[in-house]
Amino acid sequence: MAARSIGSLTISFGMVSIPVKLYSATEASRAVSFNLLHKGCGSRLKQQYFCAKEEVPVAREDMVKGYEFAKDQYVMFTPEELKALEETGTHSAEITEFVPLKTVDPLYFDKAYYLGPDKGGAKPYALLARALLESGRCALGRWAARGKQYIVMIRPVEDLVEGLVMQQLLYAGEVRAIREVDIPKTEVKPAELKLAQQLIEQQASDKFDPAAYSDDVRARIEAAVQKKVEGQEITMTEAPESGAQVIDLMEALRASLGKKAAAPAKAAQPATRKPPRRAQQAEPAQKKAAKK
């Protein structure tokens, strides 16, 4: 089934304007969600807000939003004031620069959208996609929607057709620096590095294949829900035992390499095997004892 557009906008850079359609690239709704029920009768629960000071329920029309500027001290904003602070939505994404795609750390990636050419935009769309693909660059710009302003990256993708993806990016202040993590300086010995690289090469693939990975937890939850619907009991599986702590790094690397090397050889063995030599020799010995 063809994807359904969720909106439209215009990509502009210089004197060039490209009308495009916007499509969701991901499906967050695929996550399994649960509702809160009353344990006694199974009815759906309703959420209520209580005033911590007066200890009474507060109706939605009596609620206002406030910002805590000091401990237990707030400034209140009316809906009209908050609306005035929102960014005016635009139907355009203005490109400000082109940078090498490899220089944008995936750590900054947020929500992604597919872009498709709108009426009259097929030629400039194809031209931008091809130019970005061959230059190894992506386009950076700004886009305003839903009262917010976003940094967006427009990058090319190639999968039977050459297309464009618009990726929302996080702001610098939204990404923590890795230097905040306590990582001690540790010496890496050449022999250890060589074994680690061999292990990496042994498990290396040419490209990432998302279809090779499945959400086992989601499948388990869906199966459990179906059992519940059918009136069956759900049995809990025991957690796997954790392995012993590895002390010798070199031994662990060698063991990992040996394990990976043995796996293909073991899989190649035929399903039926000849009985061991001892078993073959045991039969004549038994017959000899029976004759006596």
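Structure's up top.
Bear in mind the structure is a predicted one, so any value in this text is a computation, not a measurement.

### Notes on the nonpolar core
Core analysis: the biggest nonpolar cluster contains 21 residues, and Leu9, Ile11, Leu115, Trp143, Ile154, Leu164 and Met166 have the highest contact counts within it. Breaking this core down by element, the ones donating at least two residues are strand S1 (7-13), strand S2 (16-24), strand S7 (92-100), strand S8 (109-117), helix H2 (122-135), strand S9 (137-145), strand S10 (148-159) and strand S11 (161-169). Of all the elements, H2 adds the most residues to this core, at 4 residues. For Leu115, the residues in contact, after removing those within four places along its chain, are Ile11, Val20, Lys21, Leu22, Tyr125, Ile154, Leu164 and Met166. Val104, Cys138, Met153 and Leu169 belong to the second-largest nonpolar core, a separate cluster that totals 6 residues.

### Describing the pattern of salt bridges
Under the defined criterion, the tally for this structure stands at 4 salt bridges. For Arg176, the salt bridge identified is with Glu180, shortest N-O distance 2.9 Å. When its relative accessible area of 65% is taken as the criterion, Arg176 is described as exposed. In this structure, the salt-bridge partner of Glu222 is Arg218, at a minimum N-O distance of 2.9 Å. One end of the pair, Glu222, and the other, Arg218, are both in helix H4 (residues 216-229), 4 residues apart, so they sit about a helical turn from each other. Each of Arg130, Glu134 and Glu162 takes part in salt bridges that share partners, so that together they form one network.

### Topic: a nonpolar patch on the surface
A contiguous nonpolar patch, built from Tyr67, Phe69, Val75, Phe77, Leu82 and Leu85 and spanning about 580 Å² of accessible area, is present on the exposed surface. Elements represented by at least two residues in the nonpolar patch include exactly strand S5 (65-70), strand S6 (73-77) and helix H1 (79-85). Assignment of secondary structure puts Phe77 in strand S6.

### Structural notes on the pairing of S2
Here 7 bridges tie S1 to S2, and the two strands are oriented antiparallel to one another. When the bridges of S2 are listed, Thr10 appears paired with Pro19. With antiparallel pairing between neighbouring strands as the criterion, S1 and S2 make up a hairpin whose turn holds 2 residues, including Gly14 at a positive phi of roughly 60 degrees. Pairing analysis gives 5 bridges linking S2 to S8, with the strands arranged antiparallel. Paired with Ser24 across the two strands is Tyr113, which belongs to S8.

### Let's talk about unusual backbone geometry
Although it is not a glycine, Glu55 adopts a positive phi angle of roughly 55 degrees. Within the secondary structure, Glu55 sits in the loop between strand S3 (49-50) and strand S4 (57-58). A positive phi is found at Asp72, a non-glycine position, where the angle reads about 60 degrees. Positionally, Asp72 belongs in the loop between S5 and S6. The class for Asp72 is exposed, based on a relative accessible area of 54%.

### Regarding the sheet that holds S9
Ordered by their spatial adjacency, 7 strands build a closed barrel running S1-S2-S8-S11-S10-S9-S7, and the pairing between neighbours is mixed. Sheet twist, expressed as the average angle between the axes of neighbouring strands with direction ignored, equals 40 degrees. Where S1 and S7 come together, 3 bridges link them in parallel fashion. For Thr10, the partnering residue across the bridge sits in S7 and is Ser92. Strands in contact with H2 are S1, S2, S7, S8, S9, S10 and S11; relative to S11, the strand with the most contacts, it is inclined by about 80 degrees.

### Let's talk about the packing of aromatic side chains
Per the counting criterion, the structure on display carries 4 aromatic pairs. Look at Tyr113 and Trp143: their rings are 5.8 Å apart centre to centre, the planes differ by 80 degrees, and that puts the pair in the edge-to-face class. Of this pair, Tyr113 sits in strand S8 while Trp143 sits in strand S9; the two residues are 30 residues apart in sequence, bridging distant segments of the chain. Overall, the relative accessible area of 2% leaves Tyr113 in the buried class. Taking the relative accessible area as the measure of exposure, Trp143 reaches 5% and is therefore buried. With centroids separated by 5.9 Å and ring planes inclined at 35 degrees, the aromatic side chains of Trp143 and Tyr150 adopt a geometry described as tilted.

Here is what the cut-offs are and how they apply
Residues numbered from 1 in each chain as written. Predicted model: local features only at pLDDT ≥ 70, side-chain atom pairs only at ≥ 80, totals over all residues. Heavy atoms only, no water. Core = buried A, V, L, I, M, F, W, Y, C linked by side-chain atoms within 4.5 Å. Buried < 20%, exposed > 50% of the residue type's maximum accessible area, 1.4 Å probe, protein only. Helix = DSSP H or I, 4+ residues; strand = E, 2+ residues; numbered from the N terminus. Contact = heavy atoms within 4.5 Å. Salt bridge = Lys/Arg side-chain N within 4 Å of Asp/Glu carboxyl O. Patch = residues over 30% accessible without salt bridge, like charges linked within 9 Å, V, L, I, M, F, W, Y side chains within 5 Å. Areas by Shrake-Rupley, 256 points an atom, 1.4 Å probe, with all protein chains shown as cover. Pairing = 2+ DSSP bridges. Axes fitted to C-alpha atoms, helices over the stretch in contact; angles between N-to-C directions. Phe/Tyr/Trp six-rings, centres within 6.5 Å; stacked < 30°, edge-to-face > 60°.

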